[in-house]
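# Coordinates in review
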Amino acid sequence: MTRSPYELTTPPDLLARLHPRLRTYFGPVPPGHVGRGEGVFIVVGTPRHWLWPLLAVFARDDVMFPVWERDVPFRVENRPARVGHGASRSLRSDMTAERVGSVAVRAHRTFRFRSGHRTMVDAITAEPHGLVDHLGRRGRVSALLRAEVDADGPDAGALRLVSVRVTVRALGRAWSLPTVVAPRVTLTERFDDDADVQRVSLRLSAPLVGTLYRYEGSFRYRIEPDTGWGRR
């Protein structure tokens, strides 16, 4: 992969505002390598227990989980991939395995909850209409994202991704959710020079309901030769 999905879909002048350390994270992962990060989420999930049955449905596809925990150790692994199209959309970690599809980075985020380890899976892709995040192992839910980078202010150099359309794939076709009911995803990644860590915050919210799910924490990231999932 010569350019990452972010580089293929975001104006160069916007990317130029990124903190230098974030350019590594949002740049390409070379073939045969993996991006690895380790850190701690200060909070994961939602305290609204009435939402947990809904979150349990998404947990079956490794999207989000029915939890509300603090100080959760986690690990992220980013690999170059291709995402195929059609009713049986597949996420592939081998770039040479499939020539037809969108350039992507596939991420596994493993949370060490008190109840056990759970892994969130998604793939960020470069597509003709922009940057798209395909959630879960089957990628049945996807979000078209708008990238924002502030030139100044408290979040100068941070990347903020905001969903502008959410799509669900069912019955052999993709269905875009109406704005009045579609959930909104806001992800912010910034680098803290004083602590020498990358800080991440994700919030999923819905009209009239508010926050449905969130996580927030920090980690350190590196790119290294790929020797397999979870192995150093």
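In this convention, every chain numbers its residues from 1, walking through the sequence in written order. Thresholds applied to this predicted model are a pLDDT of at least 70 for local features of residues and 80 or more for the giving and counting of side-chain atom pairs; totals over whole chains, interfaces and linings are not thresholded and use all residues. Water and hydrogen atoms play no part in the side-chain values, which are based on all heavy atoms of the structure.

By definition, any uninterrupted DSSP run of H or I lasting at least four residues is a helix, any uninterrupted run of E lasting at least two residues is a strand, and each is numbered from the N terminus. When helices and strands are counted, the protein chain shows 4 helices and 13 strands. Residue contacts are counted whenever heavy atoms from the two residues lie within 4.5 Å of one another. A sequence separation of at least 24 residues applies to 56% of the contacts in the protein chain between residues at least 6 apart.

The predictor attaches a confidence to each residue, and that confidence, scored 0 to 100, is pLDDT. Across the protein chain, the average pLDDT comes to 88, with 89% of residues at 70 or higher. Element-level mean pLDDT values for the protein chain span from 44 in strand 4 (residues 91-92) up to 98 in strand 2 (residues 68-69).

Before going further, it helps to examine the pairing of strand 11 (residues 184-192). If DSSP finds at least two bridges between two strands, the strands pair. The pairing of strand 9 (residues 159-170) with strand 11 spans 4 bridges and is classified as antiparallel. Note that in strand 11 the partner of V162 across the bridge is T186. Examined bridge by bridge, strand 11 and strand 12 (residues 197-206) share 9 bridges and lie antiparallel to one another. Bridging across to strand 12, R190 finds its partner in R199. Joining the antiparallel neighbours strand 11 and strand 12 is a turn of 4 residues, in which D196 adopts a positive phi near 55°.

Among the structural elements, R109 can be located in strand 5 (residues 102-113). For R109, a relative accessible area of 12% translates into the label buried. Ignoring any residue separated from it by four or fewer positions in sequence, one finds R109 in contact with Y25, R75, V76, R118, T119, M120, D122 and Y215. Throughout this description, buried means an accessible area under 20% of the type-specific maximum (1.4 Å probe, protein chains only), exposed means over 50%, and partly exposed covers the range between.

For Y215, the location among the structural elements is in strand 13 (residues 210-225). For the pair formed by Y215 and S201, sequence separation is 14 residues and the distance between their alpha carbons is 5.9 Å. Discounting chain neighbours no more than four positions away, the residues touching Y215 are F41, V43, V44, R109, F111, M120, V200, S201 and L202.

Here we take up the packing of aromatic side chains. Aromatic ring pairs are reported here in terms of the distance separating the ring centres and the angle at which the planes meet. When two rings of Phe, Tyr or Trp (its six-membered ring) have centres within 6.5 Å they constitute a pair, described as stacked for plane angles under 30 degrees, edge-to-face for angles over 60, and tilted for the intermediate range. Taken as a whole, this structure holds 12 aromatic pairs when the rule is applied. Within the aromatic cluster, the residues linked to one another by ring pairs are Y6, Y25, F26, F41, F65, F74, F111, F113, Y215, F219 and Y221. A cation sits over an aromatic face here: R173 above W175, 4.0 Å from the ring centre. Charge-over-ring placement is defined geometrically: NZ (Lys) or CZ (Arg) within 6 Å of the ring centre, and within 35 degrees of the ring normal.

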